[in-house]
Amino acid sequence: MVKNNNFVRNDAYAKVTGRAKFTDDLKFHNMLHAIPVYSDYVHAKILKIDTSRAEKQPGVVKVLTYKDVLGSNRFGQIIKDYHIFADDKIRYNGDVIAVIVAETRQQAIDAASFIEIEVEELPKLLDPEIAIDSKILVHEEHGSNLINEHRVLTGDADKAFEECDYIIEHTFTTQHIEHSYLEPESAICIPRSDGVFEIRGSMQHPFSTRRFVANLLGVRLADVEVIGTFMGGGFGGKDDTAAIVCARAALAAKLTNRPVKITYAREWSFRESYKRHPYKVYYKMGITKEGIWKAAKIKIIADGGAYCSVTPWVTWRSTVQCCGPYVVENGNCLTLGVYTNNVFTGAMRGFGSPQMNFVVEQMVEIAAEKCGIDPIEFRRKNIVKQDSITITQQKLDKHIVSMEQVMDSVIKEINYFEKLQNCSYGKSEGDELYGIGLAISYRGMSLGAEGTDFCAAIVNVQADGSVVLETGMHENGQGLESAMMLILSEQLGIDISRIRYRRSSTSVIPDSGTTVASRGTIVAGGAIVEAVKILKRKFMNVIAPILEATIDDVEFKDNYIYAKNGKFISFDDAVKKMFANQEYPNALGIFKAPRVSWDEHTGHGDAYFTWTYSSQAVELVVNKKTGKVKLLNAVAAHDVGKVINEKMALGQVYGGVAMSTGYALFEKLDIQDGVIKSLNFDKYHIPRANDMPEIKAILIENFDPNTGTGAKGMGEPTNELFAPAIANAIYRATGKRYFNLPIKISNE
């Protein structure tokens, strides 16, 4: 067996000792510093931007506005509506009107107040429901304030409602959430002597960043090289905004012909960066007295803010999963993404699922109570099982559907039924009210029908038997590099100490898409599997005569290659034979996800090529006098397919539960009249260590045949269902339902 004992992370030592260099740690000769400049407005027509006084300030080298853009000032991943520099209008309070480039960062900051802007203020659109039909437009050229529309039309919902014994209707709202990554946005561009613009930055998606940069500079993709850099967290938040910061640094570098660094203050990051979408959800549910969910009618309104970003993709996932992990034969869902003058919204860990799980998992329990059925029994009657048909008419037959297995493991571990008898429902002799709550979810893995899903990996064996590994996914701090090294070690049968992971460059590895949707382990791991298949065939072209065996008769194991006939050769000797025979022991592997389908008109199709299943439960008490919620104990079970790195997998669970705790109880941007007032963590409350319960994580393994390695992603599933578990527990403690996030206990 290969010796990987106690291996957790390849970057751990560098990070805990401070040797790891993050973007702001990097310095280059003759480097300039740049900062963004904002206006005081939320929605206004720009009449004039005067930079003349700022240009005369000490140390200022150049002041950039939209007039300095060499390529196109507008870009976006779906709709090219983002204005890298505000030109015609201010569309939200985070729009950047200028970038000041100076010899020092402080000199740039000092010059910011000297930029003057003249505007004609316009009415603000801050409510997406009003914005849908408003004649005031955020983007006049778009023709309306509707970013996107998705539908699911399954069965005959209206007729099914007539056959239901009970109809339940409720309205839910969720809030703007900040990603709260430790490291703010930071970017450096170095104009190289070969004409290439080298980008280093705290971004999740190097290839997406390259497109933003090339677009703004008006150059070809080959003229921009984005090199992976240590990153202090992202959680989905360092996509568009981080790429835009890199693009502005690149423009400054091109125009000054000097390296330029931009590092954001926390207040700038809060102000400009996109957030999790706030939702308003109208949910109508029809059930029989026996507890069968027969019909659903759903309307989802998502506040996209000032720019599209990835709103169509986020809301598409919400639409696909609008009924949660339940079989509903008649469903009608309408989802609208809407422009407003609020801060724009985009990708965040969970990507449209946390909002809908908060809704669905409460509706299910309300329905169970309505027909006098235990909520677990109600779930058993309706949850997806092997070969079930989802609301989008996808048959779940290509992987193990473990929804009931996952739920039961949580029920058993937390002793759910016994503790259910102790719930207070608003009545207790002491000052505390006790409750227990549970939630379940399923999640489509990877991009699904919203994108083309494939990834590359390069395995390059060196002459001494060491190996350089590179994949098209990006290390965002989640431990992806370590997971990939473990996969390669297992697949090639060599010690992990032989493997060196090379941080990717957009000029070396093929574009493998974005590191999102919990797809990193799935697609990059699958690409490694494919690369190793090719590599083994190359080895056998040389050593087959020596071993007197075919590729089907050998095993790569324990740093040797063994044949069934008893002959063997060491991995090192095999490598020497390869080079001696003019055969390079390297391979490019490509993982191509199984094809999916989607009909935008009906909302039908095989939305994802595989699914994962999760359940979480929590015990808590509520103080009757103060309304303060104290979490006592939590259990989380997740079907991970196959565990690649156990300690990191457990870390994903703990982190996901922590983030979801903030979503449920604490976090909400303070936005007043379109202006964010909570611009730092002194006014934006994220959970502290003493806010968290003890957490028991259960990792369930059902090998997935669709992913190459058998593993599924788990970064997002861990983050998307603790809020409804808390909501259900609070109901059992207080006897009151809370339909808005974050939950604030009222004593009325």
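Refer to the structure above for everything that follows.
A brief report on the enclosed structure follows. Being a predicted model, the structure only gives us computed values, none of them experimental.

## Things to note about the packing of aromatic side chains
The geometry of an aromatic ring pair is captured by two quantities: the separation of the ring centres and the angle between the planes. This model, assessed by the stated rule, comprises 29 aromatic pairs. Ring centres of phenylalanine 270 and phenylalanine 681 lie 5.4 Å apart, and the angle between their planes is 75°; on these two criteria the pair is classed as edge-to-face. Within this pair, whereas phenylalanine 270 is found in helix H8 (residues 266-272), its partner phenylalanine 681 is found in the loop between strand E29 (675-676) and strand E30 (694-700), the two being separated by 411 residues in sequence. We classify phenylalanine 270 as buried; its relative accessible area is 0%. For phenylalanine 681, a relative accessible area of 29% corresponds to the partly exposed category. Across from the ring centre of tyrosine 181, 4.5 Å away, lies the NZ or CZ of lysine 238, which sits over that ring. The residue whose ring lies beneath arginine 737 is tyrosine 731, and the NZ or CZ to ring-centre distance is 4.2 Å.

## Digging into the side chain of aspartate 240
Looking at the element boundaries, aspartate 240 is found in helix H7 (residues 240-256). Salt bridges are absent for the buried aspartate 240, whose nearest opposite-charge side chain, arginine 211, sits at 9.6 Å. At 3.2 Å, the side chain of aspartate 240 and the side chain of serine 309 are in polar contact. Contact partners of aspartate 240, with chain neighbours within four places excluded, come to Gln77, Phe212, Tyr274, Ser309 and Phe344.

## Examining helix H15 (residues 520-547)
For H15, the principal kink sits at asparagine 541 and spans about 50°; a proline, proline 545, occurs within the next four residues. Just downstream of H15 lies glutamate 548, where phi reads positive at about 55°.

## Observations concerning the environment of leucine 334
Along the chain, leucine 334 turns up in strand E17 (residues 330-339). Separated by 276 residues in sequence, leucine 334 and proline 58 have C-alpha atoms that sit 55 Å apart.

## Let's talk about the pairing of strand E20 (residues 467-471)
Across the 5 residues that make up E20, a large majority, 4, are buried. Pairing analysis gives 5 bridges linking strand E19 (residues 454-461) to E20, with the strands arranged antiparallel. Pairing of valine 461 across the sheet is with valine 467, part of E20. Between the end of E19 and the start of E20, which pair antiparallel, lie 5 residues, with glycine 465 showing a positive phi angle near 90°. With respect to chirality, the unit in which E20 leads through helix H14 (residues 480-492) into the neighbouring parallel strand E21 (residues 499-501) is right-handed.

## Let's talk about the sheet that holds strand E8 (residues 116-121)
The antiparallel open sheet is built from 3 strands, whose spatial order is E6-E2-E8. With one partner strand each, in any of the chains shown, strand E6 (89-90) and E8 form the two edges of the open sheet. As defined by bridge partners, strand E2 (residues 44-50) adjoins E6 across 2 bridges and the pair is classed as antiparallel. Its bridge partner being in E6, lysine 45 is matched across the sheet by lysine 89.

## Description of the sheet that holds strand E10 (residues 166-173)
The strand order across the open sheet built from 5 strands is E9-E17-E16-E15-E10, with neighbouring strands paired in mixed fashion. Only two strands of the sheet have a single neighbouring strand rather than two, namely strand E9 (146-154) and E10. Between one strand and the next, the sheet's axes are offset by a mean angle of 5°, whatever the strand orientation. Across 9 bridges, strand E15 (residues 279-287) lies against strand E16 (residues 293-305) in antiparallel orientation. Residue pairing in the sheet places lysine 280 in a bridge with isoleucine 301 of E16. Relative to E9, helix H9 (residues 311-320) is tilted by about 20°, and along the sheet it contacts E9, E15, E16 and E17.

## A look at a nonpolar patch on the surface
The grouping of Phe454, Leu588 and Ile590 at the surface amounts to a nonpolar patch, some 250 Å² of accessible area in total. Relative to the helices and strands, isoleucine 590 resides in strand E25 (residues 586-592).

## Concerning the packing of helix H6 (residues 206-217) against H7
Contact geometry for H6 and H7: axes closest at 8 Å, N-to-C directions at 40°. Classed by the angle they form, the pair H6 and H7 counts as oblique. Taken as a pair, H6 and H7 cross one another with a handedness that is right-handed. Only Asp240, Ala243, Ile244, Cys246, Ala247, Arg248, Ala250, Leu251 and Lys254 of H7 make contact with H6, whose side of the interface consists of Thr209, Phe212, Val213, Leu216 and Leu217. Its residues placed into classes, the contact of H6 with H7 shows 10 nonpolar, 1 polar and 3 charged.

## Focus on the nonpolar core
Core analysis: the largest hydrophobic core is formed by 172 residues, its most contacted members being Ile100, Tyr283, Trp293 and Ile298. Here this core gets 11 residues from one element, more than from any other, and that element is H7. Excluding anything up to four places from it in sequence, isoleucine 100 contacts His33, Ala34, Ile35, Val37, Val60, Lys62, Val63, Ala108, Ala111, Ala112 and Ile115. In terms of nonpolar packing, the next biggest core, distinct from the first, is built from 47 residues, Met445, Leu480, Met540 and Ala593 among them.

## A few points about helix H10 (residues 353-370)
Over its 18 residues, H10 runs 25 Å from end to end, which matches the ideal 26 Å to within 8%, given 1.5 Å per residue. Immediately downstream of H10, the backbone of glycine 372 shows phi near 70°, a positive value.

## Quick word on the pairing of strand E14 (residues 260-263)
Of the two faces of E14, the one lined by Val260 and Ile262 and the one lined by Lys261 and Thr263 are each fully buried. Two strands pair when backbone bridges link them, and strand E1 (residues 32-38) and E14 are joined in this way by 3 bridges, in the parallel orientation. Across the sheet, residue alanine 34 finds its bridge partner in E14, namely isoleucine 262.

## Notes on the state of the cysteines
The full count for this structure, using the stated rule, is 0 disulfides. In this structure cysteine 423 is a free cysteine whose sulfur lies 19 Å from that of cysteine 371, the closest cysteine sulfur available. For cysteine 423, a relative accessible area of 11% corresponds to the buried category.

## Side note on the pattern of salt bridges
The tally for this structure, following the rule as stated, stands at 40 salt bridges. Members of the salt-bridge network, linked through shared partners, are Arg192, Asp194, Glu198, Arg200 and Glu225.

## Considering the packing of H10 against helix H11 (residues 375-382)
Between H10 and H11, whose axes approach to 9 Å, the crossing angle comes to 110°. Taken together, the axis directions place H10 and H11 in an arrangement best described as roughly perpendicular. Each of Glu361, Val364, Glu365, Ala367 and Ala368 in H10 lies in contact with H11, whose residues at this interface are Pro375, Phe378 and Arg379. By residue class, the composition of the contact of H10 with H11 is 5 nonpolar, no polar and 3 charged.

Conventions and cut-offs
Residues numbered from 1 in each chain as written. Predicted model: local features only at pLDDT ≥ 70, side-chain atom pairs only at ≥ 80, totals over all residues. Heavy atoms only, no water. Phe/Tyr/Trp six-rings, centres within 6.5 Å; stacked < 30°, edge-to-face > 60°. Helix = DSSP H or I, 4+ residues; strand = E, 2+ residues; numbered from the N terminus. Buried < 20%, exposed > 50% of the residue type's maximum accessible area, 1.4 Å probe, protein only. Lys NZ or Arg CZ within 6 Å of the ring centre and 35° of its normal. Lys, Arg positive; Asp, Glu negative; His and termini not counted. Salt bridge = Lys/Arg side-chain N within 4 Å of Asp/Glu carboxyl O. Polar contact = N/O pair within 3.5 Å; in protein donor to acceptor, adjacent residues only side chain to side chain. Contact = heavy atoms within 4.5 Å. Bend = angle between axes of the 7 residues up to and from the residue. Pairing = 2+ DSSP bridges. Right-handed = clockwise from strand over helix to strand, strands pointing away. Axes fitted to C-alpha atoms, helices over the stretch in contact; angles between N-to-C directions. Patch = residues over 30% accessible without salt bridge, like charges linked within 9 Å, V, L, I, M, F, W, Y side chains within 5 Å. Areas by Shrake-Rupley, 256 points an atom, 1.4 Å probe, with all protein chains shown as cover. Parallel < 35°, antiparallel > 145°, perpendicular 65-115°, else oblique. Left-handed = near helix turned anticlockwise from the far one by under 90°. Nonpolar A, V, L, I, M, F, W, Y, C, P; charged D, E, K, R; others polar. Core = buried A, V, L, I, M, F, W, Y, C linked by side-chain atoms within 4.5 Å. Expected span 1.5 Å × (residues − 1). Disulfide = S-S within 2.5 Å.

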